[in-house]
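Chain residues, written in single-letter form:
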Amino acid sequence: MNTKRCIAGGMALLMLAGGVFSNSAQVLAQPRQETDASPDKLQYRQQKTDNKQVQKLKLKQEDGQQIAYPVNMQTEFVQTDNLQNDAGTASLRRIQVNDSYSLADSVWADSGSDYYFSLLNPEEKKLYLNLKKHADRYMTGTDSFQTTQVSRSGENATVFILPLVSYEGLSTAQMKKVFYCFLYENPQYYFMRNSVIYSENTNMMTVGLYEIFADGQTRADYTNEFARQLEVWDAQIAAAGTILEKERLIHKLVCDEVTYDETMSADDPDDRQMSQSCISAVLFDKRTVCAGYAQMFALLCGRAGITCVTVTSPGHAWNKVRIGENWYNVDCTWNDCRGDDTFFNVTDAQLLAADTAIKEHVPSEEWANAAPECTAAFDPQAEHKAEETANVTAPEKMTDTVALGSTEQGKLSVTFEPLAGCDGYTVQYASNGAMLPADVMDTEDTSLVLGGLSSGKAYYVRVRAYRWNSKGQKVYGAFSKKVKETVL
């Protein structure tokens, strides 16, 4: 049994111990003292460094060929006919974008990336945002995880889950694509497993969570410790000069802090060693596999304002990072095991040329039309050649095609031409040309009817398009010209 399994098992026992765990959790959540030079800690750090050097030397001696430990990157998809949780079955018709919780004020919502999010269609974005809101609630609150029952190999098992979310209007394939984008773009939600439970009968789905973080106060203690460690690294990264220097430092931090653990289990459906989460690389004994390396690199890049995504194949995970206008591959796992930076800011062709027979760097099909291509040879001056554009930008100005009509008393019909690449439209209307005050109606259709208007009064109408950002806010384009019509 390796160290992490011992820790996870020990923490589970402490959770059952109630008050005993509370005291232990408080000790765990104390800030790390970088200046602590106690003999025990110095000995531990030296031992960890020695172990990593032995491992790197071992890998280098294998005829110069990169070693590829088999790691199961396949997501657990569990289909069930009767998906329920502690609160019962959620309503199929509930609004997908729930305004009861706002991501706008969350300290964690910006820790990931929004590149994959920006490529989704409006309904896919709604599912992504609902998953993110539920995960963020658990990240910032102390509610205990909900549970549901699933069948594995003919036996019932209790799994810990996010609250149920409707994916009505999406196919099962689209739902799975959104999950991949959400999971690998938001490594800050460290308690999420690589697992989906869903019902095609009701179009409900949820995400599996790690049991060790199920208790709300326990999770809050872990989150505090997680945040403190990230803040230490954030300060070091912020002190670096250019974007490229920050990226190099992040790569160095990941490789220095983390040790590859070839003993991690690939056949545990509950992933009790948390191998697919960045938490295995940030806390505990910082031993992980490729997913932990990639998620930690993506997390630190996201917090530093560097666009970075994680990509997976059936047996591997690595990153793609944007420097200036160019995308490059970074494989922290392979670099750490080799003890160099051979696979830092390289092209797709360079990675593929280094693959073994199992094709570690051929992305899984879920990344088709999503993972960016890396074709440009590394240019140290790339970061100075172009400003990095935002992934979610405002739509173009709405075309001046708004047409009004009134055939019923107190009602006004509005039609306009669609605008490509937007997620929806805001129709603003008022009984005065200054549009003060004005009423608004959001719609995803290009025709609607405004009701409850005053007969015989003239109304002014204009329309603008919007896109969702990854915090659930609308990013607006410019209004069309105002159009006037008198209501019957």
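As the structure is a prediction and not an experimental result, all values here were calculated from the model. (Residues numbered from 1 in each chain as written. Predicted model: local features only at pLDDT ≥ 70, side-chain atom pairs only at ≥ 80, totals over all residues. Heavy atoms only, no water.)

Engineer: Residues and numbers for the overall build of the chain, please.
Structural biologist: In terms of regular secondary structure, the chain is built from 13 helices and 20 strands. Here the chain holds 488 residues, and the buried ones make up 52% of them. For the chain, the computed accessible surface area is about 21,600 Å², with 48% contributed by carbon and sulfur atoms. (Helix = DSSP H or I, 4+ residues; strand = E, 2+ residues; numbered from the N terminus. Buried < 20%, exposed > 50% of the residue type's maximum accessible area, 1.4 Å probe, protein only. Areas by Shrake-Rupley, 256 points an atom, 1.4 Å probe, with all protein chains shown as cover.)

Engineer: Break down the sheet that holds strand 9 (residues 308-313) for me, citing the residues and quoting the values.
Structural biologist: The strands making up a sheet are joined through hydrogen bonds of the backbone, oriented either antiparallel or parallel. Reading across from one edge, 9-10-11-12 is the order of the 4 strands in this open sheet, with antiparallel pairing throughout. With one partner strand each, in any of the chains shown, strand 9 and strand 12 (344-346) form the two edges of the open sheet. The sheet shows a mean angle of 40° between the axes of neighbouring strands, direction not considered. Here strand 10 (residues 316-323) runs beside strand 11 (residues 326-330); their pairing, made up of 5 bridges, is antiparallel. Counted as the bridge partner of Lys320 is Asn329 from strand 11. (Pairing = 2+ DSSP bridges. Axes fitted to C-alpha atoms, helices over the stretch in contact; angles between N-to-C directions.)

Engineer: With reference to specific residues and values, describe the side chain of Gln188.
Structural biologist: Mapping Gln188 onto the fold places it in the loop between helix 6 (172-185) and strand 5 (192-199). Look at Gln188 and you get buried, because its relative accessible area is 0%. Beyond its immediate stretch of four places on either side in the chain, Gln188 contacts Trp108, Ala109, Ser111, Gly112, Met139, Phe226 and Leu299. (Contact = heavy atoms within 4.5 Å.)

Engineer: Could you give an account of the packing of helix 5 (residues 122-140) against helix 6, naming the residues involved and the relevant values?
Structural biologist: In contact at an axis separation of 10 Å, helix 5 and helix 6 are set at 45° when each is read in the N-to-C sense. Taken together, the axis directions place helix 5 and helix 6 in an arrangement best described as oblique. Helix 6 is crossed by helix 5, and the crossing has right-handed handedness. Mapping the contact onto sequence places Glu124, Leu127, Tyr128, Leu131, Lys132 and Ala135 in helix 5 and Gln174, Met175, Lys177, Val178, Cys181, Phe182 and Glu185 in helix 6. Its residues placed into classes, the contact of helix 5 with helix 6 shows 8 nonpolar, 1 polar and 4 charged. (Parallel < 35°, antiparallel > 145°, perpendicular 65-115°, else oblique. Left-handed = near helix turned anticlockwise from the far one by under 90°. Nonpolar A, V, L, I, M, F, W, Y, C, P; charged D, E, K, R; others polar.)

Engineer: Residues and numbers for the packing of aromatic side chains, please.
Structural biologist: Overall, the coordinates contain 26 aromatic pairs when judged by the stated rule. Taking the ring centre of Phe77 as reference, the NZ or CZ of Lys176 above it sits at 4.4 Å. Stacked on the ring of Phe479, the Lys or Arg Arg462 has its end atom at 4.0 Å from the ring centre. (Phe/Tyr/Trp six-rings, centres within 6.5 Å; stacked < 30°, edge-to-face > 60°. Lys NZ or Arg CZ within 6 Å of the ring centre and 35° of its normal.)

Engineer: Let's hear about the sheet that holds strand 17 (residues 447-450): which residues, and what values?
Structural biologist: Strand order in the open sheet made by the 3 strands is 13-14-17, with antiparallel pairing throughout. Only two strands of the sheet have a single partner each, and these edge strands are strand 13 (403-405) and strand 17. When strand polarity is set aside, the average angle formed by the axes of neighbouring strands in this sheet is 20°.

Engineer: An account of the environment of Thr259 is needed here, citing residue identities and associated values.
Structural biologist: Considering the arrangement of structural elements, one finds Thr259 in strand 7 (residues 259-260). In this structure the C-alpha to C-alpha distance between Thr259 and Asp285, which are 26 residues apart in sequence, comes to 8.7 Å.

Engineer: Which residues make up the pattern of salt bridges, and what are the values?
Structural biologist: As a working rule, side chains carrying opposite charge can pair if their charged atoms are close by. Evaluated as defined, the whole model comprises 21 salt bridges. For Arg152, the salt bridge identified is with Glu76, shortest N-O distance 2.8 Å. With Arg152 in strand 2 (residues 146-152) and Glu76 in strand 1 (residues 76-79), this residue pair connects regions lying 76 residues apart in the sequence. There is no split in this pair, since Arg152 and Glu76 are both buried. Two residues, Asp234 and Arg303, come together in a salt bridge whose shortest N-O distance is 2.6 Å. Separated by 69 residues along the polypeptide, Asp234 in helix 7 (residues 216-238) and Arg303 in helix 10 (residues 290-303) bring together distant segments of the chain. Within the structure, one salt-bridge network assembled from shared partners comprises Glu76, Arg152, Arg193, Asp270 and Arg272. (Salt bridge = Lys/Arg side-chain N within 4 Å of Asp/Glu carboxyl O.)

Engineer: Any details on the packing of helix 7 against helix 8 (residues 243-257)? Residues and values, ideally.
Structural biologist: Two elements in contact, helix 7 and helix 8, have axes whose closest approach is 9 Å; the angle formed by their N-to-C orientations is 145°. By crossing handedness, the relation of helix 7 to helix 8 is classed as right-handed. Where helix 7 approaches helix 8, its residues Trp233, Gln236, Ile237 and Ala238 are matched on the opposing element by Lys246, Leu249, Ile250, Leu253 and Glu257. Of the residues contributing to the contact of helix 7 with helix 8, the split by class is 6 nonpolar, 1 polar and 2 charged.

Engineer: Summarise helix 6; cite the residues concerned and give the values.
Structural biologist: Given a rise of 1.5 Å per residue, 14 residues ought to cover 20 Å, and the 20 Å separating the end C-alpha atoms of helix 6 matches this to within 8%. Most of helix 6 is tucked away: 10 of the 14 residues are buried. Along helix 6, the positions that sit buried rather than exposed are Thr172, Met175, Val178, Phe179, Tyr180, Cys181, Phe182, Leu183, Tyr184 and Glu185. (Expected span 1.5 Å × (residues − 1).)

Engineer: Run through helix 8, naming residues and quoting values.
Structural biologist: With 15 residues, helix 8 extends 21 Å from end C-alpha to end C-alpha; this agrees with the ideal 21 Å at 1.5 Å per step. Within helix 8, burial applies to Leu244, Lys246, Glu247, Ile250, His251, Leu253, Val254 and Cys255.

Engineer: An account of the nonpolar core is needed here, citing residue identities and associated values.
Structural biologist: For soluble globular proteins, the rule of thumb is that nonpolar side chains tend to be buried together. Ranked by internal contacts, the top residues of the largest apolar core, which has 94 residues, are Phe191, Met205, Phe213 and Phe226. The leading source of residues in this core is helix 6, at 8 residues. If you look at the next biggest cluster of nonpolar residues, it comprises 19 residues, including Met398, Leu412, Val414 and Val463. (Core = buried A, V, L, I, M, F, W, Y, C linked by side-chain atoms within 4.5 Å.)

Engineer: A description of the environment of Lys126 should follow, citing residues and the corresponding values.
Structural biologist: By the element assignment, Lys126 lies in helix 5. In this structure Lys126 comes out as buried when scored by relative accessible area, which is 12%. Remark: the alpha-carbon pair of Lys126 and Ser166, spanning 40 residues in sequence, is separated by 9.8 Å. Within polar-contact distance, the side chain of Lys126 engages the side chain of Glu123 at 2.8 Å. (Polar contact = N/O pair within 3.5 Å; in protein donor to acceptor, adjacent residues only side chain to side chain.)

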